[in-house]
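Coordinate analysis (summary)
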Amino acid sequence: MNRRCALLILTAFVACSYPLTVAGNDGKQSTEKSKERYMSILCTPIPSTSSAPPSVHTLAPADVSALHALGIPAMHRDEASRVVSRVAELLSMFNPEVMAKPVEEASSLPRTLQEEAESLVRSISHQVTEWKVVLLFVPADSLCACSSDDAEKVKTVVREVEEALQLLQERLPQSLVHVAVWGTIHQEDSQCDCKYDQIPHRLHRATILKSLQDSLSQALQNPKPHSKEEEFAAVLQSAPLVLEQASGSSTWFDLDRLAMQLWENMLQTSMGQSQFEDGPVLNIPCPTQERPHLRTMKNTPTRKEIETLATVDPFMGTEMNCADRSPSPTIPTSVHELRPGDFKVVAAVGDSITAANGVGANKDNILLVINEYRGLSWSIGGDENLTSVTTLPNILKEFNPNVTGFSEGICKATSRLSFLNQAVAGAKSADMVSQVNKLVNLMKNDKRIDFQNDWKVITMFIGGNDICDFCTDSTFFSPSNIAIRIQQALDILHKKVPRAVVNLVELLNVVPLRDLHKDPALGCPTWFVNYVCPCVLRPKDGTTDLQKVADFNQAYQLVMRQLIDSGRYDTHDNFTVILQPFMREVHLPMLENGHPDRSYFTPDCFHLSQKAHTLMARALWNNMFEPVGNKTFTQDFEAGIELKCPSETHPFIRTAVNSNYTFPGPPPTTAPSSNWGSDFTCTNMAPSDSVPTSAHKVRPGDIKVVGALGDSITAGFGAKAKSLMELLIESRGVSWSIGGDQNLEAVTTLPNILRKFNPEIKGMSMGQGRNQSGLNMAVSGAKIEEIPDQIRTLIDAMKSDTTLDFDKDWKLVTLFIGGNDLCQYCNDRDSLSPQKYAHHMMTSLDLLYKEVPRVIVNILKIMEIEGLRQIKRDNVLCNLLQSYLCPCFILPKDNSLELSEMKRINRDMQVETENVVFSGRYDGREDFAAVVQPFFQNTVVPLSAESKPDATFFSEDCFHFSERGHASMAVALWNSMLEPVGGKQTYNNFTDARHIKCPTEEHPYIFTNVNSFPIREVDDPHVEETVPVWLAAVLAVAGLVVGCFVTGLICYCTTKRNKKRNSQSKNTAF
C-alpha cells in the first residue's frame, strides 16, 4: 500500500471522529464538505510550476524525487531508519512518486562517512538530473565529554562530515543535504573512559551534543567556495535529534516527534516561529505561500546571536564584620545553644549545585560544565579563604579556623579532596539515602573527626532534578514520594549522627529560570537545557503544563516544610533539622538594559556560577541566624546580601526551640489500599431447581438468553485487527458482553462464562460482521438517543426467534453507551448534556420495563475517560489520530478549564445513570431488575511488565479495545454481577482475564438492588477522585465510525489509488 493512500486512510479514520448526517439531496454535498475538512489534516501542496526549479534555494517539497540517508547510527539503526521512513511519508504528501532508498543492512566492516557517500553517488548516478534530499546523520554517542582528547575527537568528526559533503558537492548535483546530529539521553557509553564516574549521564550527553553541534555549525557557516551554488546546498539542523529511549513517552511516539522535528527544520519556516509543538498531540508542519521552499542557509538565514555581555564582578569574597567570633566557653551539650565557633565539622549532600558543576567555567566553554568545582561550592567548598571565595565553610573558618570536612579543588565525590561533600551531579531525592549512608561512614572512620563529640553542620539541598523529570512520571515524582525519600535520609541522620544541625534548604523556585531562554539576545543553548531539564523548559507560556510546573514546585516546597514541621527531628537535644527557605522565591537578576544577567549562570544557562554561589552562601548563613517561623524566604540578588552576625541577645544558631516555635504536627495520612479478584474455580454451577419467577432469585445457570445494546465497543470494532485496514471489521464474536466465539478457554466473554453454567444459552453474536450478530444490536457510532431504536429491534428479534420462549426464558441484557455523547459534548452542549443523557436513558429503560418479561438489565456507567494519550503504537498514523477521534477530551491541556469541564460532565453522566436506575421507577415488577455495574466509574491505566502503559489492551488505532481488552472487560462485568449493590467495585485496573469470581452457597444469585446485602461501598484509596488520563479516546471511538461515511472514504481512497496505479511509472521504495 503506497504512502499517499495510507495518508488518505488516516483521514478516513479521522473522519470517523465526527458525526455525519446525510439526508436527501444534501448528502453528497455534506460528504464532500466533510471530506475537504478531513483532508485538511494533511498539508496542502503549494502550487508550483511544471518545470524543475533552477536553484536548490527554490526547491519545494513537491520537487523532490528521492530521499536518501547517510551516517545512520549503528547503535540505533532501526530507530533512525524508521525516522527516515516517516519523513518519506511526509514528503509523499507533495510528491506521491518520491523514492526513498531503504536503509542498507549494517555491514560486517564499518564504513566511513565518505565511503557511504561514495556508495550513494555510485548507486544513483543515473538520477543526476533529478532533485534529491540527503539526510546526513552525525552520531554523537561514541564521543566522551570527559575524555582528555574530547576536543580532538569532535574535530575529527567534523572533518569527516566536511569530506563527505565535499564529495557530494562535486559528484551529486541537484542535491540538498540536511545534516543532523543524532544522540540519545539514556544510551550507555561503551567507549567512554568516564562511564563509571559520577558525571550525570544526561548532562554528559547534552554537553557533548552541544560541543558537536556548535563545531558543525561553525564549519557549515563557512563552506569552502565552489562553483555549484545553485545545484548543491548543505544545512545543519538547528537542534540535535535526541532519542529519549527511557522517557515517559513510548519509543514510537519519540520517533514521530523526531520525524516531525526533522521535517520542520527542513522547511523554510519563519525565523523564531514553530508550527510543531512537542506535546501529546503531534501536528504536521506545512510549507506556506510565503515560504514554500525547503530550507537552505541562503533562503533562511540563521539569526545571529547577539550576546549581552554582563559586567562580571571579579570579587567573590566577603568582608567579615562580626566582632564576637568566639566559641562557647565549654562544648555545648544542647543543639539549641550552639555558636558558630562550636562547629568543628561541615558536610553536605545534594546534586550538581552542591557538586558545583561548572562554577568556575569560562563563559564560552560549555564542556567545562562537566567539571565539579567543589572547592567553590556554596555550602561545603573550602578553597582559599573568605576574602576571595565565599562559602559556608569559609565563613565558619572565621569563627573556628580548625573546622574540617570541606571540599577543595576540582574533583568527584569519590575523591579525597571532596571529603564530606557527598553530593552527586544528577542526584534526585531517591539518592539521598545512599549519600547519607556514605557520609555517616566517612565521618565515623576519619581520624580528624571525633564522631561522638564534635558538633557538625550538614546541608542538604535536593529536588531540582526531581522537578526536571516530574512530567515523565508524576506518580514517582509526586510531592508525597519526594517527602518520603527525604524523610528516609533525614531519619538515618537522626538515628545515627550525634551532635548535628542539618540545614534542609528548601527547593528554589525554578520557573523564573525560563526567562533566560526567552531572551534570544543571551544566546543560551535552550535545546541543551531542554535535554537536561525537559519538564521545566518545554511547556509553553500561559499553558496549564507550565502551571503544573509551578504547582509541583510549590508542592515540593510545601512537603519539605510539613516534614520539618512534624517535629520528628526534635526529640532530643543533640540533633535538629532546620528548614532554610531563602530560595523559595528567587527573582532572576536583571541588567540595566532589561536583559537577564547571565553572569549568575554557567555556560549552559542552567547551573549556577560562582557569583550565584557567593550569594547563596551568604543567604544560607543569614537564614541560620534568623528565627524559625520568621526566616527570609525571598531573595533579590541584585540588592546584594550582607552577612549577619551573632548578637549578645541571640548568639546561637536559631532552632525551633530557641526561636519559641511551636510545630503544627504532621499532615494526616491515608489508609492502605486493598486488592480484588480471584481465580476461576467455580463448582456451584447448577441452575435453580425450578424456573424462578423473581429477578432477585436468578442464578447464572437460569439465564437462557443474552442480548446487548451499545456502540462500536459492543460491536467489537477492530477487536482482532492486526493492521489499520482491518479496523473496519467488527469482530462481534469476541465482544466482551455478547460474543460467543469458541469457548471460555480460548475467548473470554460474558456469554462464554455463562455457558459454563448453561451450555444452551442463546443470543450470542459470532464471527465477524452482522451475519451472525444474534441479539447484539450495537451499532458503531451510536449515541444514547439511538438506544430506543436498538431496543425495539431487540424486542422484535426475540419475539420472532422460534428457539426462544419470549415470555418464560430469563434474559440478560447489557447496555453500554455514552462514549460518543461525551467525546462530542463540547461541539453540542445542549443535545448532549447530562440531562438529555438521563432522559434518553429513562426512555430506553421504560421500553424494556414495559415490554420485556423476565429480564435483568446490566447498565454500565460511562467510563472515567480522562484520556488515552499514554497509549501509543509504533505507527505514525495511529499516533496522529488521537486528537481528532475524541476532540473534547484529547485536545484540552492538563488542568485546563476545558478538561475540568469534560471531567465534570463525565462524572455528571455517571451520576445521572444512577439517579435514573435508583429512582424506584423500575421496582414495580418482580421479574424485572435494572442493575448499575459501576466498574468503569474509575479506571486505572494498564501497565506492562516494564511499568509502561500497555498498548496490547487496545486495537491498532490505539482507541478501540483489542481482544485482550474485551476479555478484561468481560471478567470485570461478570465479577460486578456477583457483587452486591452498594459494595460493587468502582474501578477497573485491567488485570488479566482469568480472575473470575464464583457464586457462593450463601448467595448463589446475580445481585440486584433487592437481594443485595447492606454493604457500604468502600472506595479504593489508590483511585483518586479524578483518575489518570488514558481511556479518553477509547469511548471516543465508540461512535467515531459512521458506516456510510467510512465506506465513502474507502471508496474514495480506492479510486485515487487505482488512478494513481494506472499513471504510476515508478515504484515507491518505502
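Criteria and cut-off values
Residues numbered from 1 in each chain as written. Predicted model: local features only at pLDDT ≥ 70, side-chain atom pairs only at ≥ 80, totals over all residues. Heavy atoms only, no water. Helix = DSSP H or I, 4+ residues; strand = E, 2+ residues; numbered from the N terminus. Buried < 20%, exposed > 50% of the residue type's maximum accessible area, 1.4 Å probe, protein only. Contact = heavy atoms within 4.5 Å. Areas by Shrake-Rupley, 256 points an atom, 1.4 Å probe, with all protein chains shown as cover. pLDDT = per-residue confidence, 0-100. Core = buried A, V, L, I, M, F, W, Y, C linked by side-chain atoms within 4.5 Å. Disulfide = S-S within 2.5 Å. Pairing = 2+ DSSP bridges. Axes fitted to C-alpha atoms, helices over the stretch in contact; angles between N-to-C directions. Polar contact = N/O pair within 3.5 Å; in protein donor to acceptor, adjacent residues only side chain to side chain. Phe/Tyr/Trp six-rings, centres within 6.5 Å; stacked < 30°, edge-to-face > 60°. 1 Å grid on protein atoms, 1.4 Å probe; cavity = no way out; pocket = protein on both sides within 12 Å on 5 of 7 lines; lining within 4 Å. Points joined across faces, edges and corners; volume = space filled by probe spheres on them. Nonpolar A, V, L, I, M, F, W, Y, C, P; charged D, E, K, R; others polar. Parallel < 35°, antiparallel > 145°, perpendicular 65-115°, else oblique. Left-handed = near helix turned anticlockwise from the far one by under 90°. Salt bridge = Lys/Arg side-chain N within 4 Å of Asp/Glu carboxyl O.

Observations regarding the overall build of the chain
- Along the chain, the regular secondary structure elements total 25 helices and 18 strands.
- Taken across its 1070 residues, the chain has 60% of its residues classed as buried.
- Pairs at least 24 apart in sequence give 78% of the contacts found in the chain among residues at least 6 apart.
- Summed over all atoms, the accessible surface of the chain reaches about 43000 Å², with 50% contributed by carbon and sulfur.

Describing the confidence of the model for the chain
- Residue-level pLDDT values for the chain average 81, and 77% of them are 70 or greater.
- Confidence drops under a pLDDT of 50 for residues 195–199, and excluding neighbours within four residues, the segment shows 14 contacts in the predicted structure.
- In the model, residues 303–314 has pLDDT below 50 throughout and makes 24 contacts with residues more than four positions away in sequence or in other chains.

Considering the nonpolar core
- Counting 140 residues, the largest nonpolar core has Leu136, Leu212, Met460 and Leu490 as the members making the most contacts within it.
- Those residues in contact with Leu212, other than ones at most four positions away along the chain, are Val138, Pro139, Ala140, Leu143, Val154, Val157, Val158 and Val181.
- Counting residues in hydrophobic clusters, the runner-up holds 87 residues, among them Leu709, Ala930, Val931 and Trp974.

Details of the state of the cysteines
- This structure, assessed with the given rule, holds six disulfides.
- Between the sulfur of Cys826 and that of Cys888 lies a disulfide, 1.9 Å long from S to S. Given an S-S torsion of about -80°, the disulfide between Cys826 and Cys888 has left-handed geometry. Taken together, the positions of Cys826 in the loop between α19 (819–823) and α20 (834–851) and Cys888 in helix α22 (residues 887–890) put the pair 62 residues apart, joining distant regions of the chain.
- For Cys888, a relative accessible area of 2% gives the class buried.

Concerning the sheet that holds strand β13 (residues 703–710)
- The four strands lie next to each other as β13-β14-β15-β16, forming an open sheet whose pairing is parallel. Strands with a single pairing partner mark the edges of an open sheet, and in this sheet they are β13 and β16 (928–933). Adjacent strand axes in the sheet meet at a mean angle of 20° when their direction is disregarded.
- Here five bridges tie strand β14 (residues 810–816) to strand β15 (residues 855–860), and the two strands are oriented parallel to one another. From the neighbouring strand, Thr814 faces β15, where its bridge partner is Asn858.

With respect to the side chain of Ser407
- Checked against the element boundaries, Ser407 lands in the loop between α9 (392–397) and α10 (432–445).
- Within the structure, the side chain of Ser407 is placed 2.8 Å from the backbone oxygen of Arg374, a separation counted as a polar contact.
- Excluding its chain neighbours within four sequence positions, the residues that come into contact with Ser407 are Arg374, Gly375, Ile380, Gly381, Gly382, Asp383, Leu417, Ser418 and Asn421.

Quick look at the packing of aromatic side chains
- Here the structure, examined in full by the defined rule, presents 17 aromatic pairs.
- Taking the centre distance of 5.4 Å and the plane angle of 80° together, the rings of Trp736 and Phe816 count as edge-to-face. One end of the pair, Trp736, is in the loop between β13 and α17 (750–754); the other, Phe816, is in strand β14, with 80 residues separating them in the sequence. With respect to class, Trp736 is no different from Phe816; both count as buried.

Some remarks on unusual backbone geometry
- You will see that Asn660, though not glycine, has its phi angle at about 55°, which is positive.
- Along the chain, Asn660 falls in the loop between β12 (634–636) and β13.
- We note that Arg854 has phi near 45°; this positive angle belongs to a residue other than glycine.
- With respect to the secondary-structure elements, Arg854 resides in the loop between α20 and β15.

Some details on empty space enclosed by the protein
- Applying the stated criterion across every chain yields a total of nine cavities of 30 Å³ or more.
- Space inside the largest cavity adds up to approximately 290 Å³.
- Lining of the largest cavity is provided by 23 residues; of these, Gly464, Leu508, Val510, Leu513 and Phe606 occupy positions nearest its centre.
- By residue number, the principal contributor to the lining of the largest cavity is helix α11 (residues 464–469), which donates three residues.
- Broken down by class, the residue content of the lining of the largest cavity amounts to 16 nonpolar, five polar and two charged.
- By volume, the second largest cavity is sized at about 130 Å³.

A look at the packing of α10 against helix α12 (residues 479–496)
- At a closest axis distance of 8 Å, the pairing of α10 and α12 adopts a crossing angle of 15°. In terms of orientation, α10 and α12 fall into the roughly parallel class. Of the two possible hands of crossing, α10 and α12 adopt the one that is right-handed. Contacts from Met432, Val433, Val436, Asn437 and Val440 of α10 reach α12 at Arg485, Gln488, Ala489, Ile492, Leu493 and Lys496.
- In terms of residue class, the contact of α10 with α12 is built from seven nonpolar, two polar and two charged.

A closer look at the pairing of strand β4 (residues 175–184)
- Most of β4 sits out of view: ten of its ten residues are buried.
- Inspection of the sheet shows strand β3 (residues 132–139) paired to β4 by eight bridges, in the parallel sense. Along β4, the bridge assignment pairs Pro139 with Trp182.
- Pairing between β4 and strand β5 (residues 232–236): five bridges, direction parallel. Looking at the pairing, Val179 lines up with Leu236 of β5.
- Two strands pair when backbone bridges link them, and β4 and strand β6 (residues 241–243) are joined in this way by three bridges, in the parallel orientation. Bridged to Trp182 within β6 is Leu241.

Some details on the side chain of Arg925
- With respect to the helices and strands, the residue Arg925 is situated in the loop between α23 (897–917) and β16.
- Of the residues examined, Arg925 reaches a relative accessible area of 19% and is grouped as buried.
- A polar contact of 2.7 Å, which involves the side chain of Arg925, links it to the backbone oxygen of Val852.
- With sequence-adjacent residues up to four places away left out, Arg925 is seen in contact with Leu848, Tyr849, Lys850, Val852, Pro853 and Arg854.

Details of the pattern of salt bridges
- Evaluation of the coordinates by the stated rule reveals 29 salt bridges.
- Across the pair Arg732 and Glu730 runs a salt bridge, and its minimum N-O distance is 3.0 Å.
- The class of Arg732 is buried, set by a relative accessible area of 0%.

Observations concerning the packing of α12 against helix α15 (residues 544–565)
- For the pair α12 and α15, interaxial distance at closest approach is 9 Å and the crossing angle is 40°. Of the two elements, α12 crosses α15, and the hand of that crossing is right-handed. The residues of α15 that touch α12, namely those facing Pro479, Ile482, Ala483, Ile486, Gln487 and Leu490, are Phe552, Ala555, Tyr556, Val559, Met560, Leu563 and Ile564.
- In terms of residue class, the contact of α12 with α15 is built from twelve nonpolar, one polar and no charged.

So, the sheet that holds strand β8 (residues 455–461)
- Across the sheet, four strands lie side by side as β7-β8-β9-β10; this open sheet has parallel pairing. Of all the strands in the sheet, the pair left with one neighbour each is β7 (343–350) and β10 (575–580). In this sheet, adjacent strand axes meet at a mean angle of 20° when their direction is disregarded.
- By the bridge criterion, seven bridges tie β7 to β8 in an arrangement that is parallel. The partner of Phe343 across the bridge, within β8, is Trp455.
- Contacting β7 and β8, α10 crosses the sheet at an angle of about 155° to β7.

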